[in-house]
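Fold and geometry: a report
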Amino acid sequence: MRWFAGILAWSVLCVGLPQAEAEPGARPEVVGIRVGIGGKYKAGLWTPVEVRLRGGSQAWLGQLAAVVPDGDGAPCRFACPADGPLRVGPGQSTSAMLYVKFGRTEPTLTIELRESESVVVERVFAAGTTDGESIFARALASTDGLIVGVGPQALAVEETFAGLRQLAGGRTVAAGVADATELPSHWCGYEGADIVVLATGDPKSYAGLKSEGPQVLALEQWVRMGGTVLLCAGRNAEVLLAPDAPLARFAPGRLVRTLPLRQSSAIEAYCSSSVPLPRERVGGRLDLRVPQFAEVEGTVEAREGNLPLVVRRTLGFGTVVFAALDPEMPPLRDWADRRLLLDRLLDVDLAPPEDARASGVALHYGFDDVAGQLRSALDQFSHVPFIPFWIVVALVVGYLVLIGPVDYFFLHRVAGRMTLTWITFPLIVTAFCMGAYVLAHRLKGDRVRLNQVDLVDVDLVSGQMRGTSWATMFSPRAERCDVRFAPRDLSGAEAVGAEVVASWLGLPGEAFGGMNPKTAPPAVWKDPYDCSRRLDALDGVPMQIWSTKSFNARWTAKTSAKPEARIVEQDRVPVGTITNTLDVPLSECLLCYKRWAYRLGDLGPGESAQVGASSERRDLTTLLTGRRFLFEEGVEQATPYDRGSVDVAYIVRAMMFFEAAGGSRYTGLVHRHHGFVDVSDLLRTDHAVLVAVGPAGDPESPYHGSRLVRDGTPLVSREDRHTTIYRFVLPVGRE
């Protein structure tokens, strides 16, 4: 009996221990959340989520995570990126930042506090929650634009776009941030923003920023990855743009001083205004101070004498537009045509698409963004045939005929015994099921397949390399797997020190399978899979049998392997030599400068090409879109963009020079989901872009931009499709 009494005492002790640990009020409480920048965010793009906690009666040490549905409705867990566990003292109020991707425009968000592998505190939020401690609105549509403004008035962006329902294919929404310290501290947190406006009318908005602080560094990295910043600094430039000031890295040059501006004709001409700026009532002077810079970099778009007022310059692969003005302060605030100035600075396009509206496109094709067209194209596998719906219907009808009229006729007229249906019916069902399985197995195959496209950009001056990878994986069985991307240098080796941000890829649109569906399909997988703490890998990704899963990665690294280019402008024509110093041949080379494209042909390793006035050139818009004119019944018509195309090269070509190709007016689609790959703005500065196709037709080549690694093994096969396109950004000097 002693052994029984010992076991009983041990059982009571084990049962009692968790009850003591789960004492009510001992652990922290999830007080509220704030999702997005200024409460605004987009589905399918990285979003900052601030979680506010209040400590319990005891100190707590554990992990913080958020679980949200991905683009297919499967739950995905995102951990707090901070190094080490989260500590919350007794009664302490604190907050932590996470970065997540919502796969639905009306998602649910589950906040978890975890100890080891166990969830000890859980709170679920639904989209639409808005109270003092929580701001969790519905996500913006993929066709919506998002402008983030910093400052109490932030150029009155909301006023500027009031009533504008259509803007380059969709409406534009403003998000205001009164304090710059509320900006994301990781560059991916800006992914949903089309442009960030830094208005310096009130320096107090930037009082908490430091020149090397996380918010400033993250914003700079986002611009270098393809973002756009509009910096408006007038009378307060000496406070915010001095060498050690927080915004100095975005200035067009070295600040010298601020000067009074007595003439406004340059500003009025810049925005095509016929209304002069307001003057002082006494004296009739213009009360406007602007900064003066030395060693100005970039293209000056407006100047008063020798004083630049609007400067556009490149920063990495992004753009900084500097305006030496304070539009949110007098006299510009009271100017009748201030709206024209803001439209010009923000590069507003009010023209609607030529073809069908994006909503109609979404209903027909399942997507409303050109990135969705690319994802749809990657879903097509050459060795996995698509079974038409009519064949499925025919097989179902044949099955019903077999188990019904055919079985009855055989038993009644041939066998003469109806009781034999207990044998024939199971045989028909079994045979039909086995036949369907064998047919599906022969058509779908038994191996994992991959479609992937890489867009690799290289800045020839700094050696910065930016890569964007889109991949769709086909699985012949139901399983879970680990997925990551391994970027590669232009030398063929794995890129050293590459920073990777990887996740699932959703379908922008309202159709079935999109991130804004009319009817959301039921979730098949209940247990979440994990995004790594560094946001560079996915663990335990669920795959259904004979189904696909799409992924996206953005990465950056430094490289010393790059072509050589010496180009200067002579009579508005680029003149010089480009030499391929790489070990990989560059095919179909095209030099894009201003509004022209110059054909250079193929460049093998060590080969050079000359460009000049005698080089073959074509209008860039015509070349990129493949537009030609048809004469039908005496009417000259331009061929429309093919929104149903599954040609990856055709789609990527439209994405990487979207605005130069005509934008939404030509394609009938928007390009906001992955609009950072559009480098049309770089052609407006003193830079040219060399486009080349990588090792086409050889998925096993080491010169592709990245490799998708599944369960530790790269997916590389000659039966798969892997396309790589290079773009080299090079400066063009003046003669």
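One numbering rule holds for all chains: residues counted from 1, following each sequence as written. Totals for whole chains, interfaces and linings use every residue, but because this is a predicted model, local features are given only for residues with pLDDT of at least 70 and side-chain atom pairs only at 80 or more, for both listing and counting. The side-chain values count all of the structure's non-hydrogen atoms but skip hydrogen atoms and water molecules.

Section: the pattern of salt bridges
Salt bridges are defined by distance alone: a side-chain nitrogen of Lys or Arg within 4 Å of a carboxyl oxygen of Asp or Glu. In this structure the tally under the stated criterion is 34 salt bridges. Bridged by salt links that share partners, the residues Arg-77, Glu-112, Arg-114, Glu-117 and Asp-530 form one connected network.

Notes on the pairing of strand β23 (residues 499-504)
Consecutive side chains of a regular strand alternate in pointing toward one face of the sheet and then the other. Burial classes follow relative accessibility: with a 1.4 Å probe on protein chains only, a residue under 20% of its type's maximum area counts as buried, one over 50% as exposed, and anything between as partly exposed. The helix and strand labels rest on DSSP assignments: H or I over at least four residues marks a helix, E over at least two residues marks a strand, and numbering proceeds from the N terminus. Of all the six residues making up β23, five are buried; the element is thus mostly covered by neighbouring parts of the structure. When DSSP locates at least two bridges between a pair of strands, those strands are taken to pair. Pairing analysis gives six bridges linking β23 to strand β26 (residues 547-558), with the strands arranged antiparallel. What sits directly across from Trp-504, in β26, is Phe-551.

Description of the nonpolar core
Ranked by size, the top nonpolar core spans 150 residues in total, and within it Leu-109, Leu-198, Leu-241 and Met-473 carry the most contacts. To qualify as a nonpolar core, a set must consist of buried Ala, Val, Leu, Ile, Met, Phe, Trp, Tyr and Cys residues joined through side-chain atoms within 4.5 Å. Val-370, Met-655, Phe-657 and Tyr-666 belong to the second-largest nonpolar core, a separate cluster that totals 40 residues.

With respect to empty space enclosed by the protein
The distinction between a cavity and a pocket rests on a 1 Å grid over the protein atoms alone: a 1.4 Å probe fits inside a cavity but cannot get out, while a pocket stays open yet meets protein on both sides within 12 Å along at least five of seven lines, and a residue with an atom within 4 Å of a point counts as lining. Grid points are joined across faces, edges and corners, and a volume is the space filled by probe spheres set on the points. For the coordinates displayed, the defined rule picks out six cavities of 30 Å³ or more. Looking at the largest cavity, its volume works out to about 70 Å³. Contributing to the lining of the largest cavity are 14 residues, with Lys-40, Tyr-41, Trp-46, Gly-189 and Gly-192 lying nearest its centre. In this model, the second largest cavity occupies a volume close to 50 Å³. Lining the second largest cavity are Gly-44, Trp-46, Lys-101, Trp-187, Cys-188, Glu-191, Val-501, Ser-503, Asn-552, Arg-554 and His-674. Mapped onto the lining of the second largest cavity, the elements with two or more residues apiece are β23 and β26. In terms of residue class, the lining of the second largest cavity is built from four nonpolar, four polar and three charged. Throughout this entry, Asp, Glu, Lys and Arg are counted as charged residues, while Ala, Val, Leu, Ile, Met, Phe, Trp, Tyr, Cys and Pro are counted as nonpolar. The remaining residues, Gly among them, count as polar.

A closer look at the side chain of Ser-134
Within the secondary structure, Ser-134 is located in the loop between β9 (129-130) and β10 (135-136). Assessed through its relative accessible area of 1%, Ser-134 is described here as buried. Polar contact is defined as a pair of N or O atoms within 3.5 Å, subject to the rule that within protein one atom must be able to donate a hydrogen and the other to accept it, and that residues adjacent in sequence are counted only when both atoms are side-chain atoms. Here the side chain of Ser-134 touches Ile-33 through a polar contact of 3.2 Å, landing on its backbone nitrogen. Contacts of Ser-134, omitting those with residues within four sequence positions, involve Val-31, Gly-32, Ile-33, Phe-125 and Thr-129. Only heavy atoms matter for contacts: two residues are in contact if any of them lie within 4.5 Å across the pair.

A closer look at helix α12 (residues 648-656)
With respect to burial, α12 is a largely interior element, seven of its nine residues being buried. Within α12, the full set of buried residues consists of Val-648, Tyr-650, Ile-651, Val-652, Ala-654, Met-655 and Met-656. Looking at where α12 begins, the residue whose side-chain oxygen comes 3.2 Å from the main-chain nitrogen of Ala-649 is Asp-647.

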